[in-house]
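Chain residues, written in single-letter form:
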Amino acid sequence: MAKRNSLKELQKDVLKEIGTIGAGHAATALSQFVDRKILITVPEANLVPLKKLTEVMGGAEIPVVAVFNKVLGEIPGGILFLVPSKSGLKMVDLLEGKNFGTTKIIGELERELLRQVGNILAASYLNALAKFINIVLIPSVPSFAMDMAGAIFSSSLAELGFQAEKALIVETEIIEKASRIKAVIFFIAEPKSWEMIFKKIGVN
Amino acid sequence: MGLAHMKVSSSGQLLVSLALGSCVAVALYDNQKSIGALAHILLPESPTAKPENAVKYANTAIPYMIKKMVRLGARRGRIVAKIVGGAFMFIGSENSRVGQRNVSVVKDVLFKERIKIVSEDTGGDYARSVFFDTKNGKIVVKSYAKGQKEI
């Protein structure tokens, strides 16, 4: 039992490490994008059963902003970038260098901005993962949605169409000076892909 | 009620399915016996004849629901349907339009089973929650985009 726990801990550490590498790349890209210094940290990364996904966001009906990319290559799957709608507004403020509370609605321009940012984060994470295990992963065109968290999850799963049991959750914090915003990246892959990932890393 | 789950009730329960996106909620009802069933369907068609979870797919969920209702005393000929969901959630993708296909397969299967659709709230680009009152067969649909309506 202790052995299994330590294996899980080891896998968790590796997932967090990959997340941190991805966050580093994303922070560089994002800083260039807004021309200011932005930091991204990864407080937590973990594999979570699909049933628990909505809990992570605070409930099925919580309104969220989502960017979804299908992932092609050796590990077919999907990557979702999610922030609660309230944090989405803050994120627009942060990216545009405004005080929190300035942006009141997410309109056409704000959507485009969030889509870009979600895409940068998702692609950076994917790139880190692909490099870590030395495979090729290609994100497809990012799509955008803003609605109930549960509907975003189930629709993503339906888009993928395969049997998934777990998703990798990478919790991130986007930081600029004293401002912090939490965002979550979900990577959904088939069970056999997780086996392959852990095998390649050597923690299976 | 969770994703790819089904509930049947003959005791006037309120059956709830939260946050449908491209999924479709199928509600079947026998008015005389007040027996209702609600399923949260994820995909249009099962790749195998006997999937592990029949409720996940439209083509296997509906016959399964009918069977469960009849077992509780519903009469097949009296069962009617209401359907909700099947939205198009993601803007800007080379989308496979799962929602649209879900709705069309649900309608096909109901037609084959000779079950009449008495009302529906499907399509669009927004999420919905469904509250199905099996006392009277009424359904309230809630969404951020359109508020609340009864079907």
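Structure: see above.
Let us look at the structure shown here. Worth saying up front: this structure is predicted, and the values here are computed from it rather than measured.

Before going further, it helps to spend a moment on the overall build of chain A. Along its length, chain A carries 6 helices and 7 strands. Across its three principal axes, chain A shows a C-alpha extent of roughly 50 × 35 × 30 Å. A buried classification covers 53% of the 204 residues belonging to chain A. In chain A, of all internal contacts separated by at least 6 residues, the share reaching a separation of at least 24 is 73%. Per element, the accessible surface of chain A, about 9400 Å² overall, is 54% carbon and sulfur.

For the rest of this paragraph, the subject is the overall build of chain B. From N to C terminus, chain B includes 2 helices and 9 strands. Each helix and strand of chain B, ordered N terminal to C terminal, gives the series β-β-β-β-α-β-α-β-β-β-β. In summary, chain B has a C-alpha radius of gyration of 14 Å against a globular reference of 15 Å for 151 residues, a match within 12%. With the C-alpha coordinates aligned to their principal axes, the bounding extent of chain B is approximately 45 × 35 × 25 Å. Counting the 151 residues in chain B, one finds 53% classified as buried. When contacts within chain B are restricted to residue pairs at least 6 apart in sequence, those whose partners lie at least 24 apart make up 66%. Carbon and sulfur atoms make up 49% of the accessible area of chain B, which amounts to about 7100 Å² in all. For chain B, the distance from the average position of its 23 positive side-chain charges to the average position of its 11 negative side-chain charges is 7 Å.

Residue and element names in this part refer to chain B. Spatially, 2-7-8-9 is the arrangement adopted by the 4 strands of the open sheet, whose pairing is antiparallel. Each edge of the sheet is formed by a strand with only one pairing partner; in this case those strands are strand 2 (14–20) and strand 9 (147–150). Strand-to-strand, the axes of this sheet are offset by a mean angle of 15 degrees, without reference to chain direction. Where strand 8 (residues 138–143) and strand 9 come together, 4 bridges link them in antiparallel fashion.

Taken residue by residue, the interface counts 27 residues in chain A and 29 residues in chain B. Taken over both partners, the interface formed by chain A and chain B buries close to 2000 Å², and the fraction arising from carbon and sulfur atoms is 60%. Between chain A and chain B we count 0 salt bridges in total. At the surface where chain A touches chain B, the tally comes to 6 residue pairs in polar contact (both at pLDDT 80 or more). At the level of elements, strand 2 (63–73), helix 4 (108–133), strand 5 (143–148) and helix 5 (149–160) of chain A are the ones that each hand at least two residues to the side of chain A that touches chain B. Per-element tally for the side of chain A that touches chain B: the top contributor is helix 5 of chain A, with 9 residues. In terms of residue class, the side of chain A that touches chain B is built from 14 nonpolar, 8 polar and 5 charged.

Residues and elements named next belong to chain A. Between helix 3 (residues 85–95) and helix 4, whose axes approach to 10 Å, the crossing angle comes to 85 degrees. Viewed along their axes, helix 3 and helix 4 adopt a mutual orientation that is roughly perpendicular. Facing Gly88, Met91, Val92 and Leu95 of helix 3, the residues of helix 4 in contact are Glu110, Leu113, Leu114 and Val117. In the contact of helix 3 with helix 4, the residues fall into 6 nonpolar, 1 polar and 1 charged.

Taken together, Leu72(A), Val136(A) and Ile138(A) make up a surface patch of nonpolar side chains, about 270 Å² in accessible area. By the element assignment, Leu72(A) lies in strand 2.

Right, let's talk about helix 5 of chain A for a bit. A turn of α-helix holds 3.6 residues, and therefore any two residues three or four places apart point the same way. Residue and element names in this part refer to chain A. In a regular helix each residue adds 1.5 Å, so 12 residues correspond to 16 Å; helix 5 covers 17 Å between its end C-alpha atoms and thus fits that length. Buried residues dominate helix 5, accounting for 12 of its 12 residues. Within helix 5, burial applies to Ala149, Gly150, Ala151, Ile152, Phe153, Ser154, Ser155, Ser156, Leu157, Ala158, Glu159 and Leu160. Immediately downstream of helix 5, the backbone of glycine 161 shows phi near 75 degrees, a positive value.

With that settled, consider the sheet that holds strand 3 (residues 24–30) of chain B. Through backbone hydrogen bonds, the strands of a sheet pair up, either in parallel or in antiparallel fashion. Residue and element names in this part refer to chain B. Taken in spatial order, the 5 strands line up as 1-4-3-5-6 in an open sheet, and their pairing is mixed. Across the chains shown, the open sheet's two edge strands, defined by having one partner strand only, are strand 1 (6–9) and strand 6 (116–122). Averaged over all pairs of adjacent strands, the angle between their axes in this sheet comes to 10 degrees, without regard to strand direction. Sheet topology places strand 5 (residues 80–85) next to strand 6; 6 bridges connect them, and they run parallel.

A few words now on helix 4 of chain A. With 26 residues, helix 4 of chain A should cover 38 Å at 1.5 Å per step; its first-to-last C-alpha distance of 38 Å lies within 8% of that length. The first or second residue beyond helix 4 of chain A is Asn134(A), which carries a positive phi of 60 degrees.

Next up on the list: the pattern of salt bridges. Using the criterion set out here, one finds 11 salt bridges over all chains in the structure. Residue Lys12(A) pairs with Glu44(A) through a salt bridge whose shortest N-O separation is 3.3 Å. With Lys12(A) in helix 1 (residues 2–34) and Glu44(A) in strand 1 (residues 39–49), the pair connects residues that are 32 residues apart, well separated along the chain. For Lys12(A), a relative accessible area of 24% puts it in the partly exposed group. Here Glu173(A) and Arg180(A) are joined by a salt bridge, their closest N and O atoms 2.7 Å apart. Residue classification places Arg180(A) among the partly exposed positions, given a relative accessible area of 49%. Connected through shared salt-bridge partners, Asp121(B), Arg128(B) and Lys149(B) make up one network.

What counts and how
Residues numbered from 1 in each chain as written. Chains lettered and ligands numbered in written order. Predicted model: local features only at pLDDT ≥ 70, side-chain atom pairs only at ≥ 80, totals over all residues. Heavy atoms only, no water. Helix = DSSP H or I, 4+ residues; strand = E, 2+ residues; numbered from the N terminus. Buried < 20%, exposed > 50% of the residue type's maximum accessible area, 1.4 Å probe, protein only. Contact = heavy atoms within 4.5 Å. Areas by Shrake-Rupley, 256 points an atom, 1.4 Å probe, with all protein chains shown as cover. Rg over C-alpha atoms; globule rule 2.2 N^0.38 Å. Lys, Arg positive; Asp, Glu negative; His and termini not counted. Charge placed at Lys NZ, Arg CZ, Asp CG, Glu CD. Pairing = 2+ DSSP bridges. Axes fitted to C-alpha atoms, helices over the stretch in contact; angles between N-to-C directions. Buried area = accessible area lost by both parts, 1.4 Å probe. Salt bridge = Lys/Arg side-chain N within 4 Å of Asp/Glu carboxyl O. Polar contact = N/O pair within 3.5 Å; in protein donor to acceptor, adjacent residues only side chain to side chain. Nonpolar A, V, L, I, M, F, W, Y, C, P; charged D, E, K, R; others polar. Parallel < 35°, antiparallel > 145°, perpendicular 65-115°, else oblique. Patch = residues over 30% accessible without salt bridge, like charges linked within 9 Å, V, L, I, M, F, W, Y side chains within 5 Å. Expected span 1.5 Å × (residues − 1).

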